[in-house]
Amino acid sequence: MTRFITSSFSHLILLIGILIMVVPVWMIFASSTHTSSMINMNGLQMFLGDSFYENYLRVLLYQGGFFKEITALKMFFNSFIMATGVAILSVVTSLMAAYALVYYRIKHATLLFWIIFITILVPLELRIFPTYSVMAELNLVNSYFGLIVPISASAIATLFFRQFYKTVPDELLESAKLDGANTWRFFVDFLIPLSKTMIVAMLIFMFVFGYNQYLWPLLVTTSEQYWTVVMGLKMMSGSIVHRFAFVMMSMVPPILIIIVLQKHFIKGVFQDK
Amino acid sequence: MSFLDLKNVTKIYPNGTKAVHETSLSVDEGEFMVFVGPSGCGKSTLLRMVAGLEDITEGDINLDGKLMNEVDPSERDVAMVFQNYALYPHMNVYNNLAYGLKNRGIDKETIEQKVNDAAKLLQISDYLQRKPSMLSGGQRQRVAMGRAIVRNPKIFLFDEPLSNLDAKLRIQMRLEIKKLQQKVGVTSIFVTHDQVEAMTLADRLAVINNGIIEQLGTPIEIYDNPESLFVAGFIGSPQMNFLNGNLTNKTLSAEGFEIKDINSDFEGEVTLGIRPEHLSQTENGLINLKVDLVEQLGSDNLVYGQLKDKKDFCYRCPGNQTIEKGANLSLNIENNKYYIFDKSTGKRVN
């Protein structure tokens with residue numbers, strides 16, 4: 001009986017927590033399906049209205065920006081390219097960096113690793129001017145390359161992969177060597193499949209990281225053609241329902257990527273057992 | 001030159017530890033060689049140098065007439081079974097066996113043929129689609145062996161492959177390894193610290209201590225004729241009894257008894273070694289044993305007790321004899337099977 005009470009109590013707390021988090025999102029969603037005059041007169045709505053298609057289509061296709069060159073659809077495309085690029089590039093580079101640090105006979109590998117690790121303490125904002133000037137010199141302002149590359153070296157992902165590689169038993173490498181695997185084959189046939197779960201987790205993490213970038217895209221793009229969704233959230237003008245609709249849509253890609261990749265993530269976890 | 005030739009092989013680790021001292025050894029084609037010794041004696045290091053997993057500090061290793069010193073392990077055509085098997089956890093059994101063949105660019109049909117043959121030989125055909133995590137210890141052991149066999153290498157290297165198995169399975173796998181080696185006929189080196197494994201498996205045995213081969217020979221030679229105190233103590237179970245003594249004028253005086261007409265000119269302090277199984281009960285025997293404890297193994301009894309000067313001593317007698325705790329036994333050494341070692345150098349003197 002006491003167990004029932006404590007468990008209902010903890011469930012109650014969880015439910016309250018969920019409500020606190022979900023209700024505001026729901027209110028924005030519900031409000032975004034009404035007309036703007038309705039919201040202006042009656043405030044935020046709890047129930048769905050009937051202007052869903054009208055509002056969302058308009059937001060997606062509306063030519064915005066100072067020069068009317070950018071649509072929300074294009075922003076989603078830009079953000080998707082940027083986030084995917086950051087995710088893939090950072091996972092690939094950290095996989096390889098960690099491999100070199102753990103398996104190659106590098107002098108002072110540990111020191112090198114800590115130097116890489118320290119970059120966590122140096123946020124982008126601190127190096128933003130030198131990084132910008134490098135990109136400008138390389139003529140990479142206003143390009144996807146310029147959006148992606150400067151934020152794609154991830155010390156955190158390197159740390160995770162390095163720690164994982166260190167747990168891989170030496171016998172596995174030795175056994176693979178005797179089976180005729182060279183350095184590259186060991187990496188491709190062993191370390192990558194073995195770290196699949198972690199790769200997926202890092203892809204999700206880095207995708208969201210890339211998607212959420214605001215300051216760097218703001219700086220490195222002057223053309224509206226390269227605006228991203230998060231920039232758009234700030235730049236957005238127009239009626240309140242359209243802004244709400246855009247906010248709702250901006251949440252979709254990260255959620256989608258988690259749903260899609262989570263399958264593999266969970267599969268990987270179970271297979272490793 | 002024989003099939004595998006080690007010449008003055010030495011291993012010194014970067015921290016200065018000398019693991020293997022100028023070891024020379026030849027293994028003939030098809031021979032089953034066992035390296036046995038206590039942990040840390042350098043036996044695994046020696047094996048790993050043959051595999052190419054450790055650099056050779058000095059000396060030469062020749063395999064099948066080719067100098068191997070600088071050859072990469074992947075090019076040596078050796079197969080190794082590791083203590084923890086080192087199976088590839090993300091591949092099923094089939095791919096575990098096939099991986100080495102794939103890397104050698106063998107076509108698919110031949111690989112399938114070879115894998116199936118090896119699986120049949122080892123009775124793992126039913127598990128080919130399973131991952132190693134779904135197999136029992138004995139099955140994993142077989143897969144590890146299969147991975148070695150399937151490639152048809154020049155030499156098999158076993159690095160204590162049985163030590164992770166339970167006692168019953170270990171005996172069974174020991175037999176299987178021996179049978180398999182005889183069937184396949186591949187030159188093998190087997191490293192173990194278990195002297196029973198060493199005795200049962202080996203065609204020839206190398207007893208290694210502190211990075212030196214103390215004695216090399218067939219198991220029975222080593223059992224019958226240990227050349228040093230270390231070998232005498234290491235081979236044989238229960239361990240040989242050691243007593244202090246003095247050898248003068250072909251007469252050995254140990255604690256409480258004398259042996260005359262010894263075939264040795266050595267003079268000085270010695271250690272007398274007597275195996276527990278080389279004793280028998282008589283009246284007025286040389287050795288008087290006060291029994292402390294009797295272990296009944298069924299076929300044998302192991303009788304533990306003390307001599308006059310409280311020295312521990314063991315005697316092995318047939319299981320049908322009843323011996324009570326506290327009894328006083330009078331024992332003789334059968335057929336003069338005793339061993340005398342120089343106490344300072346440990347070398348055999350009789």
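Note that this is a predicted model, so its numbers are computed, not measured.

Moving on, we get to the domain arrangement of chain B. Many authors give the size of an interface as the accessible area that is lost as the parts come together. Residue and element names in this part refer to chain B. Each domain of chain B was delimited in the assignment, giving domain 1 (4-230) and domain 2 (241-342). Relative placement of domain 1 and domain 2: their C-alpha centres are 39 Å apart. Residue-level contacts link seven residues of domain 1 with seven residues of domain 2. For the pairing of domain 1 and domain 2, the buried interface totals around 590 Å² over both sides, and the portion due to carbon and sulfur atoms is 59%. In this structure, the connection of domain 1 to domain 2 is made through zero salt bridges. Scanning the region where domain 1 abuts domain 2 turns up three residue pairs in polar contact (both at pLDDT 80 or more). Here the side of domain 1 that touches domain 2 is composed, by residue class, of four nonpolar, one polar and two charged.

All names here are of chain B. Across the sheet, six strands lie side by side as β6-β7-β8-β3-β9-β10; this open sheet has mixed pairing. Each edge of the open sheet is held by one strand with a lone partner, namely β6 (78-81) and β10 (212-217). Between one strand axis and the next, the sheet turns by 20 degrees as a mean value, whatever way the strands run. Relative to strand β8 (residues 187-192), strand β3 (residues 32-36) is paired through five bridges, and the arrangement is parallel.

Time to look at a nonpolar patch on the surface. Residue and element names in this part refer to chain A. Together, Leu15, Ile18, Met21, Val22, Trp26, Met46, Phe47 and Leu48 line one region of the surface with nonpolar side chains, adding up to about 850 Å² of accessible area. As for its position among the elements, methionine 46 is in the loop between α2 (36-42) and α3 (52-61). By relative accessible area, methionine 46 is classed as partly exposed at 37%.

This part takes up the environment of A:Leu219. All names here are of chain A. Relative to the assigned elements, leucine 219 resides in helix α12 (residues 215-220). For leucine 219, a relative accessible area of 26% gives the class partly exposed. As a C-alpha pair, leucine 219 and tyrosine 132 span 87 residues in sequence and 7.7 Å in three-dimensional space.

Our next topic: the sheet that holds strand β15 (residues 279-281) of chain B. Residue and element names in this part refer to chain B. Pairing within the open sheet is antiparallel, and its five strands lie in the order β15-β19-β16-β17-β18. The open sheet has two edge strands, β15 and β18 (312-318), and neither has a second partner. Taken over all neighbouring pairs, the strand axes of this sheet differ in orientation by 50 degrees on average, direction set aside. Looking at chain direction, β15 and strand β19 (residues 328-333) are connected through three bridges and run antiparallel. Residue pairing for β19: serine 280 is matched across the bridge by asparagine 332.

Here we come to the confidence of the model for chain A. The predicted model of chain A averages 89 in pLDDT, with 97% of residues at 70 or higher. When the elements of chain A are averaged for pLDDT, helix α15 (residues 252-272) of chain A gives the smallest value, 77, and helix α4 (residues 72-103) of chain A the largest, 94.

All names here are of chain B. Across the interface, helix α2 (residues 93-103) lies against helix α4 (residues 137-149) with an axial gap of 8 Å and an inter-helix angle of 25 degrees. As summarised for this structure, α2 and α4 are arranged roughly parallel, according to the angle between their axes. Handedness of the α2/α4 crossing: right-handed. Contact residues: Val93, Asn96 and Leu97 in α2; Val143, Gly146 and Arg147 in α4. Here the contact of α2 with α4 is built from residues that sort into three nonpolar, two polar and one charged.

Contact residues are listed per partner, giving 24 residues for chain B and 17 residues for chain A. In total, chain B and chain A occlude about 1,800 Å² of area from one another, counting both sides; carbon and sulfur atoms represent 56% of this. Per-residue buried area on chain B facing chain A is highest for B:Tyr88, B:His90 and B:Tyr99; these three make up 28% of the total on that side. The interface formed by chain B and chain A contains two salt bridges. A salt bridge links A:Glu174 to B:Arg48; its shortest N-O distance comes to 2.6 Å. Across the chain B-chain A interface, the total number found is ten residue pairs in polar contact (both at pLDDT 80 or more). Within the residue set of the side of chain B that touches chain A, elements represented by two or more residues are α1 (43-51), β6 and α2 of chain B. Considering every element that reaches the side of chain B that touches chain A, the biggest residue donor is α2(B), with four residues. Looking at the side of chain B that touches chain A, its residues break down into twelve nonpolar, seven polar and five charged.

Now for the pattern of salt bridges. Any two side chains of opposite charge can pair if their charged atoms end up close together. Residues and elements named next belong to chain B. In the structure shown here, the tally under the stated rule is twelve salt bridges over all chains. Aspartate 300 serves as the salt-bridge partner of arginine 316, at 3.1 Å between the closest nitrogen and oxygen. A residue pair is termed long-range when its members are at least 10 positions apart, and arginine 316 in strand β18 and aspartate 300 in strand β17 (residues 300-306) qualify at 16 residues. In this structure arginine 316 comes out as partly exposed when scored by relative accessible area, which is 24%.

Residue and element names in this part refer to chain A. Scanning the model with the defined rule gives 29 aromatic pairs over all chains in all. Ring plane angle 35 degrees and centroid distance 5.9 Å describe the contact between phenylalanine 113 and phenylalanine 117, whose orientation is recorded as tilted. Residue phenylalanine 113 and its partner phenylalanine 117 are both found in helix α5 (residues 109-118); the two are separated by four residues, about one turn of the helix. A ring pair is formed by phenylalanine 207 and tyrosine 211, whose centres lie 6.3 Å apart and whose planes are at 15 degrees; its orientation type is stacked.

Definitions and limits used
- Residues numbered from 1 in each chain as written.
- Chains lettered and ligands numbered in written order.
- Predicted model: local features only at pLDDT ≥ 70, side-chain atom pairs only at ≥ 80, totals over all residues.
- Heavy atoms only, no water.
- Domains from an automatic or database assignment.
- Contact = heavy atoms within 4.5 Å.
- Buried area = accessible area lost by both parts, 1.4 Å probe.
- Salt bridge = Lys/Arg side-chain N within 4 Å of Asp/Glu carboxyl O.
- Polar contact = N/O pair within 3.5 Å; in protein donor to acceptor, adjacent residues only side chain to side chain.
- Nonpolar A, V, L, I, M, F, W, Y, C, P; charged D, E, K, R; others polar.
- Pairing = 2+ DSSP bridges.
- Helix = DSSP H or I, 4+ residues; strand = E, 2+ residues; numbered from the N terminus.
- Axes fitted to C-alpha atoms, helices over the stretch in contact; angles between N-to-C directions.
- Patch = residues over 30% accessible without salt bridge, like charges linked within 9 Å, V, L, I, M, F, W, Y side chains within 5 Å.
- Areas by Shrake-Rupley, 256 points an atom, 1.4 Å probe, with all protein chains shown as cover.
- Buried < 20%, exposed > 50% of the residue type's maximum accessible area, 1.4 Å probe, protein only.
- pLDDT = per-residue confidence, 0-100.
- Parallel < 35°, antiparallel > 145°, perpendicular 65-115°, else oblique.
- Left-handed = near helix turned anticlockwise from the far one by under 90°.
- Phe/Tyr/Trp six-rings, centres within 6.5 Å; stacked < 30°, edge-to-face > 60°.

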